[in-house]
Amino acid sequence: MPDAAGHLPFYYGSISRSDAEEYLKLGGMMDGLFLLRQCLRTLGGYVLSVVYNLHFHHYPVERQLNGTYAIAGGKTHCGPAELCEYYSKDADGLCCTLRRPCNRPQGVEIQAGVFDNMRDNMMREYVRQTWKLEGDALEQAIISQAPQVEKLIATTAHERMQWYHGNIAREEAERKLYSGAQPDGKYLMRERKESGTYALSVIYGKTVYHYRIDHDKSGKYSIPEGTKFDTLWQLVEYLKIKSDGMITVLKEACPNASSLTPAPPSLPKVRQLASSANSDGYTPEPFTEKSRILPMDTSVYESPYSDPEELKERKLFVNRDLLLIDEVELGSGNFGCVKKGVYKLKKRQIDVAVKMLKVQDEKTVKEEMMKEAEIMHQLDNPYIVRMIGVCQAECLMLVMEMAPGGPLNKFLSSKKDQVPVSNVVELMHQVSMGMKYLEGKNFVHRDLAARNVLLVNQHYAKISDFGLSKALAADDSYYKARAFGKWPLKWYAPESINYRKFSSRSDVWSYGITMWEAFSYGQKPYRKLKGTEVMSFIDRNERLPCPTDCPPEMYQLMLDCWIIK
Ligand code: ADP
Ligand code: MG
């Protein structure tokens, strides 16, 4: 992940507070002179250092998990650049407005932090090993879950540092520090057996001192009475600059011999796999980020057929004997109903949703369902509901992966208070990744809407309902419908309504409407208009209004989806 401030000329990277003050002095100390640096205490955060009245003011800028930035108590911004831009127009609680950037002097590069250099590789290794992913599934996991995974990794990065000695006794730590030269400030960190907490051992005046590291309820680390940090390596970096109550600052790491050998990276314990049998599928709220179930933790991130042994047995038509259908109805549609079920694979059982045809003998309906099945059979992406197979028995059935959270619009309208906007952004991002995949395969969905986005859990969405979908021929850029049908006009682009033309570009229009539904927490678009009236509304260059509390960037994205050309 590139540093979000990496392009800013007044960004210095990982420098100390006193270095920042030196640069500001060099810059002339006028009111409103400012620079940005990496926060040494929080993950992904920054500090804005500003001069006013010949004094220095330092404001921590925190990065939230959804990737937005804010100064405590202040407004939220989508990036550090936007945040600085905002405070250059309005002091809004700061000592003064930001007036002049204190740019890096010539020859001064952005100072990389300890973690910066190792982050990308660690992310990749972590995702690969924890979830055993490769190829596209690996790349998608990295892109979609970067902030969460980054946090997981950062909290265990100390295990890779040469000063970390793992679980050794106090006496062993002393022996290591006393062996060889004994300069003041030589240090190591160890895990304490009894409690699973950590300790820092430092030598000073030929004596070893041990400091317990506290871990508070919010997950922050500190030496007793000291400054608090998100991670252990940030604590160490800080204590190299400031003693923070210890007898000395940390100077020279006492290296752990085993950390220098290129042993396979010690990765954090493998996260528990969330059972698909978890009937309601929701993570209990409020959850801590550490216990949050990521899409990759669920059993539906990868296809059951990604296991070669299962794939060997795969057929389009599945055996009725392997399918158990429950009475529980998950939903219903034009064709019939969708029931809950269990399907027996070779090695395990999986929860499934079974779409059942109600009118048995009508040929066209059967053909339609088979078309839907053929489309789904070709798709395999974490953000798309997969088909397990078709089953012909008491009726024609489509057996699919189960998405127990149900349709997005219903979920959002019933759980409005429990779902922050950042959660909606996360889900819509996943939908966009599923749609991008679809475009890459040359498929058009033609019925993208919040009702057809199903949830695996509160943080995991999948696109479903391929009843209207079409595969485009290799050299076609659009599909032309022969005649009008029962169409969801309010979701359709003008060219689809006017000329019956459907393409990935018209899917983009529907994506915009779906976004609007999501950020409106399940409201119906153009409520006061009839389907046919929407056409003239759009022709008059009018568009749906910005939903309440919807971030302006998100509304802009919707408007971009509704550009005619
Ligand atoms: P239609 O073509 O009639 O719109 P859908 O495929 O959208 O049919 O399914 C109708 C309803 O059935 C959905 O709104 C949802 O409630 C339920 N459903 C469909 N597929 C699944 C699934 N894979 N997991 C859970 N519920 C599902
Ligand atoms: Mg539907």
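See above for the structure.
Computed from a predicted structure; not experimentally measured.

What counts, and at which threshold
Residues take numbers from 1 onward in each chain, read along the sequence in its written order. Whichever chain is written first is A, and whichever ligand is written first is 1; the rest continue in order. Side-chain atom pairs in this predicted model are given and counted only at pLDDT of 80 or more, local residue features only at pLDDT of at least 70, and totals for whole chains, interfaces and linings cover all residues. Values reported for side chains reflect all heavy atoms of the structure, with hydrogen atoms and water molecules removed beforehand. A run of H or I in DSSP counts as a helix once it spans at least four residues, and a run of E counts as a strand once it spans at least two, with each numbered from the N terminus. Should any heavy atoms of two residues lie within 4.5 Å, those residues are counted as being in contact. Every accessible area reported is derived by Shrake-Rupley at a probe size of 1.4 Å, with residue values counting cover from the shown protein chains alone. The charged-residue count follows a simple rule in which Lys and Arg add positive charge and Asp and Glu add negative charge, with His and chain termini not counted at all. To locate a charge, take NZ of a lysine, CZ of an arginine, CG of an aspartate or CD of a glutamate. Note that water is not among the atoms considered, so a metal site may appear incomplete; the donors listed are N, O and S atoms within 2.8 Å of the metal, with 3.2 Å applied to Na, K and Ca. Only protein chains enter the accessibility calculation, which uses a 1.4 Å probe; a residue is then buried when its area is under 20% of its type maximum, exposed when over 50%, and partly exposed in between. The pairing criterion is simple: DSSP has to find at least two bridges between the two strands. To obtain each axis, a line is fitted to C-alpha atoms, and for helices this fit is confined to the stretch in contact; angles are then taken between N-to-C directions over 0 to 180 degrees. Two N or O atoms form a polar contact when they lie within 3.5 Å of each other; inside protein one atom must be a possible hydrogen donor and the other a possible acceptor, and for residues adjacent in sequence the pair counts only when both atoms belong to side chains. We call a residue near a molecule or strand as soon as one heavy atom of that residue lies within 4 Å of the molecule or strand. Any residue that is not Ala, Val, Leu, Ile, Met, Phe, Trp, Tyr, Cys, Pro, Asp, Glu, Lys or Arg is counted as polar, Gly included; the first ten are nonpolar and the last four charged. For this analysis, a ring pair means two rings from Phe, Tyr or Trp (six-membered ring only for Trp) whose centres lie within 6.5 Å, classed as stacked if their planes differ by under 30 degrees, edge-to-face if by over 60, and tilted for the remaining angles.

Colleague: Help me get a handle on the overall build of the chain, residues and values and all.
Modeller: The helix and strand tally for the chain stands at 15 helices and 22 strands. With the C-alpha coordinates of the chain rotated into their principal frame, the extents come out at 90 × 55 × 45 Å. Looking at the chain alone, contacts between residues at least 24 apart form 58% of all its contacts between residues at least 6 apart. When the accessible surface of the chain is totalled, it reaches about 27600 Å², and 51% of it is carbon and sulfur. Side-chain charges in the chain split into 74 positive and 71 negative, and the spacing between the mean points of these groups amounts to 1 Å.

Colleague: Could you give an account of the coordination of the magnesium ion (ligand 2), naming the residues involved and the relevant values?
Modeller: For the magnesium ion (ligand 2), the full set of protein donor atoms is Asn-452 (OD1) and Asp-465 (OD), at a range of 2.2 Å. Of the two residues, Asn-452 sits in the loop between β17 (443-444) and β18 (453-457) while Asp-465 sits in the loop between β19 (460-463) and β20 (470-471), which places them 13 residues apart along the sequence. A relative accessible area of 7% places Asn-452 in the buried class. The partly exposed category is assigned to Asp-465, whose relative accessible area is 23%.

Colleague: Tell me about the sheet that holds strand β2 (residues 46-52), and please be specific about residues and values.
Modeller: Strands sit in the order β5-β4-β3-β2-β1-β6 across an open sheet of six strands; the sheet is mixed. Single-partner strands in this sheet number two, and they are β5 (76-77) and β6 (100-101).

Colleague: Describe in detail the sheet that holds strand β16 (residues 406-407), supporting the description with residues and values.
Modeller: For sheets, the rule is that strands pair by backbone hydrogen bonds, running either parallel or antiparallel. If you walk across this open sheet you meet the three strands as β16-β18-β19, and the pairing is antiparallel. The strands lining the two open edges of the sheet, one partner per strand, are β16 and β19. Pairing between β16 and β18: two bridges, direction antiparallel. If you follow Gly-406 over to β18, its bridge partner there is Leu-455. This element, helix α11 (residues 421-440), spans β18 and β19 of the sheet and lies at about 35 degrees to β19.

Colleague: Any details on the side chain of Ser-510? Residues and values, ideally.
Modeller: Tracing the chain through its elements places Ser-510 in helix α13 (residues 504-519). Judged by its relative accessible area of 2%, Ser-510 falls in the buried class. Only 2.8 Å separates the side chain of Ser-510 from the backbone oxygen of Trp-491, close enough to count as a polar contact. Among residues more than four places away in sequence, those in contact with Ser-510 are Leu-448 and Trp-491.

Colleague: I'd love a proper account of the site of ligand 1, names of residues and values included.
Modeller: Residues in contact with ligand 1 amount to 18 residues; listed here are only the nearest, Phe-335, Lys-355, Glu-401, Ala-403 and Asp-465. In the environment of ligand 1, an oxygen atom lies 2.8 Å from a nitrogen or oxygen atom belonging to the side chain of Lys-355. One of the backbone N or O atoms of Glu-401 is found 2.8 Å from a nitrogen atom in ligand 1. Within the complex, the protein chains bury 87% of what would otherwise be the 550 Å² of accessible surface of ligand 1. Sort the elements by how many residues they give to the shell around ligand 1 and strand β11 (residues 323-332) lands first, with three residues. Tallied by class, residues from the shell around ligand 1 come to 10 nonpolar, five polar and three charged.

Colleague: Outline the packing of aromatic side chains, supporting the account with residue identities and numerical values.
Modeller: Per the counting criterion, the structure on display carries 17 aromatic pairs. Seen in terms of ring centroids, Phe-484 and Trp-487 are 5.0 Å apart; in terms of plane orientation they differ by 50 degrees. Their pairing is tilted. Overall, the relative accessible area of 13% leaves Trp-487 in the buried class. With a centroid separation of 5.1 Å and 85 degrees between ring planes, the pair formed by Trp-487 and Phe-502 is classed as edge-to-face. Taken together, the residues Trp-487 in the loop between β21 (479-480) and α12 (494-499) and Phe-502 in strand β22 (residues 501-502) connect sequence positions 15 residues apart. According to the relative accessible area criterion, Phe-502 is buried, its value standing at 1%.

Colleague: Can you tell me about unusual backbone geometry, naming the residues and giving the values?
Modeller: At Lys-206, a residue that is not glycine, the phi angle is positive and equals roughly 65 degrees. By secondary structure assignment, the location of Lys-206 is in the loop between β8 (198-204) and β9 (207-215). A relative accessible area of 56% places Lys-206 in the exposed class. Phi angles above zero are rare outside glycine, and Asp-549 is one such case at about 60 degrees. Structurally, Asp-549 is set in the loop between α14 (531-539) and α15 (552-561).

Colleague: Let's hear about the environment of Val-421: which residues, and what values?
Modeller: Relative to the elements of secondary structure, Val-421 occurs in helix α11. Residue classification places Val-421 among the partly exposed positions, given a relative accessible area of 24%. Distance in space between the C-alpha atoms of Val-421 and Phe-519 is 7.3 Å, their sequence separation being 98 residues. Excluding anything up to four places from it in sequence, Val-421 contacts Phe-519, Tyr-521, Asp-549 and Pro-551.

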